[in-house]
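Structure at a glance
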Amino acid sequence: MKQTVVLIIISMFIASCSKRIDSQYPFYDIDLEFNPGKQYIAVDCQLDIPANYRSDTLVFYLHRQLALSELTMDGNKKFILNTDSSDIRYMPFATRYEIIADNPVHQKVSVHMEYSGEITEWSGWSPSVISKEWTELGLYYPWYPLNSDFGLFNYEVGISPIKNQNIFLMGSSFKKNDRITYSTDFPTNDIVVCASEDLKIFSDSVGECKLDIVHNTFPDTLLHALRDEINDISGLYNKWFPEGGNRICLVESMREQGGGYARLGGIYLSGLSSEDYFGSRKKYTRYLAHEISHLWWYRADANTWHDWINEGFAEYSALMVLRDFYGQEYFEKWISMKQEAVKGKAPVWHYDRSGRDAHTIFYDKAPLILYDLENKTGRDEFRKLMNKALVQEIGTTSLFLKMLEEEKGEEVAAWFLKKLKDEV
Ligand SMILES: [Zn+2]
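Residues numbered from 1 in each chain as written. Predicted model: local features only at pLDDT ≥ 70, side-chain atom pairs only at ≥ 80, totals over all residues.

On to the domain arrangement of the protein, then. By the assigned domains, the protein splits into domain 1 (19-194), domain 2 (204-293) and domain 3 (307-420). Each of domain 1 and domain 3 has a C-alpha centre, and the two are 35 Å apart. (Domains from an automatic or database assignment.)

Here it is, written out as structure tokens:
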């Protein structure tokens, strides 16, 4: 009996290790020390990169005020290290590190880095800040070695408790060696550390969906209204789409600048108050519905024009929620606004993701093409197509067109291609 228990424990241990080692996604194992009052952070980071992500050159970005004291790859320093200033527009204060391996590497690799520094420089629009009053560390700095090509990854971040600061990171948390460790439940695309003296976490779950609302100032009426709204929206998605999206957090950001943003599994909003929310309820429904739908719509590379799949479907899903909640007329009002906005704009086809009209192309034009597709196929068939795209994890335009051809025939696929190119 005793042996059986030991065996079970050992196999559980192996199972939990292999989950990490065999993970198909990059994995960050981070120890973070930080002092918000001094704007100081110190990081010990081990990054495991699976073989399918490997090339002979690895690129990372780190905030330029963070001094690197240790860097090894698989325990050695057999590589060339080049540094340069950032070439990514949303990380203007970052340093670009390029590691070129001595020998071609075709297997999984572990990069170990240690660095520290006081972060005092960030741009006026930066949603990443560090201060005693409010800390929100994310990729805009970036505070962890970020590779924008990774897309999704997992993390485990251990933090020692800090006096007078409550901390929140997306995922599950548990105590490990006097530290609180935060661990992703599913892959995401940023590591956002939030902290403040008054930070509170309101947790709830309805059915399969676990919700954390992280806030400093929300009264109960607002917390309950947000919970109900998020549950209603995710309830619809779980009805329409394959099962998923069972954990989400909404964070009240205490910044005055920088606006809101969403990550896979998390929404970070600044300036949200009861007055604002109850005064513009429908506006928030659309916003929340769009962001929550990204728990399903995230497979395309967000740095390329294929991002129309993420954003077009996310926005159209949000419009479908509006139609369900507030009726056909309100839905059509949004359609007309978008039709007005896209007049004279370029086609979606190969549109530059950082081009001048990117917002209109990806958030107005792409959902309008999906609206046309829904009109062509009928609502039930359109939902089946959405489902198919999700089940098949479609992340490129050619795969989407191929799926459309298989499901609806050559003619519909050719028509859709022409729509993307603005030829019909
Ligand atoms: Zn979006």
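Text resumes after the structure shown.
Pairing is mixed across the open sheet formed by five strands, whose spatial order is β14-β15-β16-β18-β17. The sheet terminates laterally at β14 (200-206) and β17 (261-263), the two strands that pair on one side only. Between one strand and the next, the sheet's axes are offset by a mean angle of 15 degrees, whatever the strand orientation. By the bridge criterion, three bridges tie β17 to strand β18 (residues 266-270) in an arrangement that is antiparallel. Paired with Ala262 across the two strands is Ile267, which belongs to β18. Sitting on the sheet, helix α2 (residues 220-240) is in contact with β14, β15 (209-215) and β16 (247-253), with an inclination near 145 degrees to β15. (Pairing = 2+ DSSP bridges. Helix = DSSP H or I, 4+ residues; strand = E, 2+ residues; numbered from the N terminus. Axes fitted to C-alpha atoms, helices over the stretch in contact; angles between N-to-C directions. Contact = placed C-beta atoms within 7 Å.)

Attention now moves to the sheet that holds strand β10 (residues 166-168). Strand-to-strand pairing in sheets goes through backbone hydrogen bonds, with the strands running parallel or antiparallel. Across the sheet, three strands lie side by side as β8-β13-β10; this open sheet has antiparallel pairing. The sheet is open, and its two borders are formed by β8 (135-137) and β10, each paired with just one other strand. Across this sheet, the average inter-strand angle for adjacent strands is 15 degrees, counted without regard to direction. As judged from the three bridges shared by β10 and strand β13 (residues 193-196), these two strands associate in the antiparallel manner. Among the inter-strand pairings, Ile167 is bridged to a residue of β13, identified as Ala195.

What follows concerns the packing of helix α4 (residues 281-293) against helix α5 (residues 307-326). Put simply, α4 and α5 touch, their axes get as near as 8 Å, and they point 135 degrees apart. Considering the angle they form, α4 stands oblique to α5. In terms of crossing hand, the pair formed by α4 and α5 is right-handed. Contacts between α4 and α5 involve Lys282, Thr285, Arg286, Ala289, His290 and Ser293 from the first element and Ala314, Glu315, Ser317, Ala318, Val321, Leu322, Phe325 and Tyr326 from the second. Considered class by class, the residues forming the contact of α4 with α5 number seven nonpolar, four polar and three charged. (Parallel < 35°, antiparallel > 145°, perpendicular 65-115°, else oblique. Left-handed = near helix turned anticlockwise from the far one by under 90°. Nonpolar A, V, L, I, M, F, W, Y, C, P; charged D, E, K, R; others polar.)

Here we take up α4. End to end, α4 covers 18 Å across 13 residues, agreeing with the expected 18 Å (1.5 Å per residue, within 8%). Listed in full, the buried residues belonging to α4 are Leu288, Ala289, His290, Glu291, Ile292 and Ser293. (Expected span 1.5 Å × (residues − 1). Buried ≥ 20, exposed ≤ 12 C-beta atoms within 10 Å, placed from the backbone.)

Further remarks concern the environment of His224. Along the chain, His224 falls in helix α2. It is 9.9 Å that separates the C-alpha atoms of His224 and Ile213, two residues lying 11 residues apart in sequence.

Those residues of helix α10 (residues 410-420) not exposed but buried are Phe416, Lys419 and Leu420. Buried residues in α10, looked at end-on, bunch into an arc of 100 degrees, giving them a common side. Structural note: α10 exposes Glu410 and Glu411 on the side pointing more than 90 degrees away from its buried face. Looking at the buried positions of α10, the neighbouring elements they touch are α7 (358-377) and α9 (397-408). (Arc of directions from axis to C-beta.)

With that out of the way, let us pick up unusual backbone geometry. Going from Tyr141 to Pro142, the amide bond is cis rather than trans, its omega being -15 degrees. Position of Pro142 among the secondary structure elements: in the loop between β8 and β9 (154-159). For Gln39, which is not glycine, the phi dihedral falls at a positive 55 degrees. When you line up the elements, Gln39 lands in the loop between β1 (27-35) and β2 (40-49). A positive phi angle, near 60 degrees, is found at Asn164, a position not held by glycine. Relative to the elements of secondary structure, Asn164 occurs in the loop between β9 and β10. Classification of Asn164 by C-beta neighbours within 10 Å gives exposed; the count is 11.

What follows covers the pairing of strand β6 (residues 94-101). As judged from the seven bridges shared by strand β3 (residues 57-63) and β6, these two strands associate in the antiparallel manner. Each residue of the ladder has a partner; that of Leu62, found in β6, is Thr95.

Let's shift gears to the nonpolar core. Counting 105 residues, the largest nonpolar core has Tyr28, Leu169 and Val193 as its most contacted members. Of all the elements, α5 adds the most residues to this core, at nine residues. Excluding its chain neighbours within four sequence positions, the residues that come into contact with Leu169 are Val157, Tyr182, Ile191, Val192 and Val193. (Core = buried A, V, L, I, M, F, W, Y, C linked by C-beta atoms within 7 Å.)

If you trace the backbone, Ala262 turns up in strand β17. A residue is classified by how many C-beta atoms lie within 10 Å of it, and Ala262, with 22 of them, is buried. For the pair Ala262 and Asp190, spaced 72 residues apart in sequence, the C-alpha to C-alpha distance is 9.6 Å. Each residue touching Ala262, except ones within four places of it in the same chain, is listed here: Ile267, Glu291 and His294.

Within the element layout of this structure, Asp74 appears in the loop between β4 (67-73) and β5 (79-85). Residues Asp74 and His112, spaced 38 residues apart in sequence, show a C-alpha to C-alpha distance of 7.8 Å. Each residue touching Asp74, except ones within four places of it in the same chain, is listed here: Val109 and Ser110.

What follows covers the packing of helix α6 (residues 328-341) against α7. In the contact formed by α6 and α7, the axes pass within 9 Å of each other and the chain directions differ by 120 degrees. Between α6 and α7, the crossing angle belongs to the class labelled oblique. In this structure, α6 crosses over α7, and the sense of that crossing is left-handed. From α6, Ile335, Lys338, Gln339 and Ala341 reach across to α7, where they touch Thr360, Asp364, Pro367, Leu368 and Tyr371. Looking at side-chain class alone, the contact of α6 with α7 contains five nonpolar, two polar and two charged residues.

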